[in-house]
Amino acid sequence: MRILVVEDEVRLSRHISSALMQAGHDPAVVHDGETALGEVEDKPFDLLVLDVGLPGIDGFEVLRRLRAKHLPHRVLILTARGELNDRVTGLQLGADDYLAKPFAMQELLARVRALGRRYAEEPEVTLRVGDLTLDLVQQEVHRNGRPIELSAREMTLLRVLMREPGRIFTRIELCERVWEREHEYDTKLVEVFIGRLRKKIGTPPLVHTVRHTGYTIREAS
Ligand code: CA
């Protein structure tokens, strides 16, 4: 799932994000409510992991505004306050589930999984581009039946590309999506990993360079 993590504690947000990534999701992170509201209007997220205690507008207000705009995202509320009142407020405002801090990462992943199941219209299990397949559940890649071994980062990079075949991703975008670099963009790293992916995927090539722009994955025409 595409998940927006709204959490002002930077370390925790990275922790959550990498756990989600390892579980096969596509997380993005923001650290305040205003930014979160901007993001959800622009991009198709399936789920928000939303901290209540945020600088500026708090998580409840974010939720209130989301629902006022009839934005249909699933929302899992996180809060340090384990108070019954907060849970009730969150659920009344339209949160789908609630998790009190501190929590075990496994617990968060279980809740996310449950929310995914509850709302899945057509579960997306296998991504496909030509004869290349990526099984999101097993985390396995095959080309024409031949298994391809990828590192975790290579897998994430391929997954990002394969979710939107034909879409052109800039190097910076890939940096953000795969490495979550927020301040320094190491686009050389992207080039290196694209090179490795290409080598492992083999021919005919599926990952294409779009001059002066970035990369896309599609079947060669
Ligand atoms: Ca907080």
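One can find the structure itself at the top, above this paragraph.
Everything numeric here is computed off the predicted structure, so don't read it as measured data. (Residues numbered from 1 in each chain as written. Predicted model: local features only at pLDDT ≥ 70, side-chain atom pairs only at ≥ 80, totals over all residues. Heavy atoms only, no water.)

1. Considerations on the overall build of the protein
Within the protein one finds eight helices and twelve strands. A compact globule built from 221 residues would reach a C-alpha radius of gyration of about 17 Å, and the protein, at 18 Å, matches this within 12%. Each principal axis of the C-alpha distribution contributes one length, and for the protein these read about 60 × 35 × 30 Å. Considering the protein as a whole, with its 221 residues, one finds that 47% of them fall into the buried category. Put simply, 57% of the contacts in the protein that link residues at least 6 apart link residues at least 24 apart. Mean positive and mean negative side-chain charge positions of the protein (33 and 35 charges, respectively) differ by 5 Å. (Helix = DSSP H or I, 4+ residues; strand = E, 2+ residues; numbered from the N terminus. Rg over C-alpha atoms; globule rule 2.2 N^0.38 Å. Buried < 20%, exposed > 50% of the residue type's maximum accessible area, 1.4 Å probe, protein only. Contact = heavy atoms within 4.5 Å. Lys, Arg positive; Asp, Glu negative; His and termini not counted. Charge placed at Lys NZ, Arg CZ, Asp CG, Glu CD.)

2. Some words on helix 2 (residues 33–42)
Buried within helix 2 are the following residues: Gly 33, Ala 36, Leu 37, Glu 39 and Val 40. Angular distribution of buried residues about the axis of helix 2 spans 165°; they occupy a single face of the element. In this structure, the buried residues of helix 2 make contact with strand 1 (2–6), strand 2 (26–30), strand 3 (47–51) and helix 3 (59–68). A side-chain oxygen of the first residue of helix 2 lies 3.1 Å from the backbone nitrogen of Glu 34; this N-cap is Asp 32. (Arc of directions from axis to C-beta. Polar contact = N/O pair within 3.5 Å; in protein donor to acceptor, adjacent residues only side chain to side chain.)

3. Remarks on the nonpolar core
In terms of nonpolar packing, the biggest core is built from 28 residues, with Leu 132, Leu 158, Leu 161, Leu 174 and Ile 217 touching the most fellow members. Broken down by element, the residue count for this core peaks at six residues, all from helix 6 (residues 152–163). Apart from residues no more than four positions distant in its own chain, Leu 158 is found in contact with Leu 132, Leu 134, Val 141, Leu 150, Leu 197, Ile 201 and Ile 217. (Core = buried A, V, L, I, M, F, W, Y, C linked by side-chain atoms within 4.5 Å.)

Fair warning: the whole summary comes from geometry, so function is off the table for now.
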